[in-house]
Amino acid sequence: MDPAFNDIQSNPWNEIFKVVFFPDHIYHAEYLNATRSPRYRYNVREVRSYLGINALKGEVYLDGKFISNFLRLEYRSGRLVEQVREKKRLLGSDVIAWVRLLPEDESKKAESRVKLHYCPWIDAYEVEIWETLEAPATSYHDFQILDQMGRNGPITRVKAFNPALRDIKALTQIELAFRENDRNLPTGYQISDADACWDNDYS
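First things first, this report covers the structure right here in the doc. All values reported here derive from a predicted model rather than from experimental measurement. (Residues numbered from 1 in each chain as written. Predicted model: local features only at pLDDT ≥ 70, side-chain atom pairs only at ≥ 80, totals over all residues. Heavy atoms only, no water.)

Moving on: the overall build of the protein chain. When you go through the protein chain residue by residue, the secondary structure sums to 4 helices and 13 strands. A buried classification covers 45% of the 203 residues belonging to the protein chain. Of the contacts formed within the protein chain by residues at least 6 apart in sequence, a portion of 57% connects residues at least 24 apart. For the protein chain, the exposed surface amounts to about 11500 Å²; the carbon and sulfur share of it is 51%. (Helix = DSSP H or I, 4+ residues; strand = E, 2+ residues; numbered from the N terminus. Buried < 20%, exposed > 50% of the residue type's maximum accessible area, 1.4 Å probe, protein only. Contact = heavy atoms within 4.5 Å. Areas by Shrake-Rupley, 256 points an atom, 1.4 Å probe, with all protein chains shown as cover.)

In structure tokens:
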């Protein structure tokens, strides 16, 4: 075998980057958020799937230069949608995830809530948490990506997660729970934690 194959296989410009068993699932870079613009590429280092939940971690490149580590969460909402129906509500376009990062260095452990947005490309709710949203000093973000960035955006940053994301290889475990959105749309009334439906693997 050509020893250059390993370099090609792990190259962030590779279009198909992971196959996960079971079931067989080929992940294509084109469905990740920043690939609306051809200036961005992802190097996905690891993918894990469990009961309709996918977690991906890796690196983002802009114009061929590394800019950020990232963690992507995808949620298919199979259990949560049934609970919400019992309350005579619909899930709508957003759900909220409680996320706890458990890296090898326990001093970098952190937790926070992030909003996931429904994405028709994958028929699931998703968010990408980047270590930084800042472009390099000598470059700039594409306008097609800027509209996704920011607080509660499909591409977001959680300051508490930065120590764990900085050493992405050492991020070996995460804990997740999902709840319906904090607003019942289109009526707009607030949904408290006490009244919200949760998918937390039965606590």
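From this point, things continue past the structure.
With that settled, the discussion passes to unusual backbone geometry. One non-glycine residue, Leu51, adopts positive backbone phi at about 50 degrees. In this structure, Leu51 sits in the loop between strand S3 (40–50) and strand S4 (53–62). By relative accessible area, Leu51 is classed as exposed at 54%. For Lys88, which is not a glycine, the phi torsion comes out positive at approximately 65 degrees. The class of Lys88 is exposed, set by a relative accessible area of 78%.

The next subject is the pairing of strand S10 (residues 171–180). Two strands pair when backbone bridges link them, and strand S6 (residues 94–103) and S10 are joined in this way by 9 bridges, in the antiparallel orientation. Its bridge partner lying in S10, Ala97 is registered against Phe178. Of the pairings in the sheet, the one linking S10 to strand S13 (residues 198–199) comprises 2 bridges and is antiparallel in character. Opposite Phe178, over in S13, you have Asp199 as the bridge partner. (Pairing = 2+ DSSP bridges.)

With that out of the way, let us pick up empty space enclosed by the protein. Empty space among the atoms becomes visible once a probe the size of a water molecule is rolled across them. A full pass over the atoms with the stated rule returns 1 cavity of 30 Å³ or more. Within this model, the largest cavity holds a volume of roughly 30 Å³. Considering the residues around the largest cavity, the lining is formed by Leu90, Leu91, Glu180, Asn181, Arg183, Asn184, Leu185 and Ile191. (1 Å grid on protein atoms, 1.4 Å probe; cavity = no way out; pocket = protein on both sides within 12 Å on 5 of 7 lines; lining within 4 Å. Points joined across faces, edges and corners; volume = space filled by probe spheres on them.)

Bringing the layout of surface pockets into the picture now. Its volume calculated, the largest pocket comes out at about 510 Å³. As for the largest pocket, its lining consists of 22 residues, and the residues nearest its centre are Arg48, Ile53, Ala55, Ile174 and Leu176. Of all elements in the fold, only S3, S4 and S10 reach the threshold of two or more residues within the lining of the largest pocket. With 7 residues, S10 is the largest single contributor of residues to the lining of the largest pocket.

In this structure, Val114, Leu116 and Phe161 are the most contacted members of the largest nonpolar core, which totals 26 residues. Only S4, strand S5 (65–75), helix H2 (78–86), S6, strand S7 (110–119), strand S8 (124–130), helix H4 (162–166) and S10 provide two or more residues apiece to this core. In this structure Leu116 touches Leu73, Tyr75, Ser93, Asp94, Val95, Ala97, Tyr125, Glu126, Val127 and Phe178, once residues within four positions along its chain are discounted. Grouped together as the second largest cluster of nonpolar side chains are 19 residues, Leu32, Tyr40, Val44 and Cys119 included. (Core = buried A, V, L, I, M, F, W, Y, C linked by side-chain atoms within 4.5 Å.)

Enumeration according to the criterion identifies 4 aromatic pairs in this entry. For the ring pair Tyr75 and Phe178, a centre distance of 3.9 Å and an interplane angle of 5 degrees mean the geometry is stacked. Residue Tyr75 is found in strand S5, and its partner Phe178 is found in strand S10; the two are separated by 103 residues along the sequence. For Tyr75, a relative accessible area of 1% corresponds to the buried category. Overall, Phe178 belongs to the buried group, its relative accessible area being 1%. Where Tyr118 meets Tyr125, the ring centres are 5.7 Å apart and the plane angle is 70 degrees; that geometry is what we call edge-to-face. (Phe/Tyr/Trp six-rings, centres within 6.5 Å; stacked < 30°, edge-to-face > 60°.)

Here we come to the pattern of salt bridges. Going through the model one piece at a time under the given rule, you end up with 19 salt bridges. Taking the shortest distance from any N to any O, the salt bridge between Arg36 and Asp147 comes out at 3.6 Å. Placement of Arg36 in the loop between strand S2 (25–28) and S3 and of Asp147 in the loop between helix H3 (143–146) and strand S9 (155–156) is noted, with a sequence separation of 111 residues between them. A salt bridge links Arg89 to Asp195, with the shortest nitrogen-to-oxygen separation between them at 3.0 Å. (Salt bridge = Lys/Arg side-chain N within 4 Å of Asp/Glu carboxyl O.)

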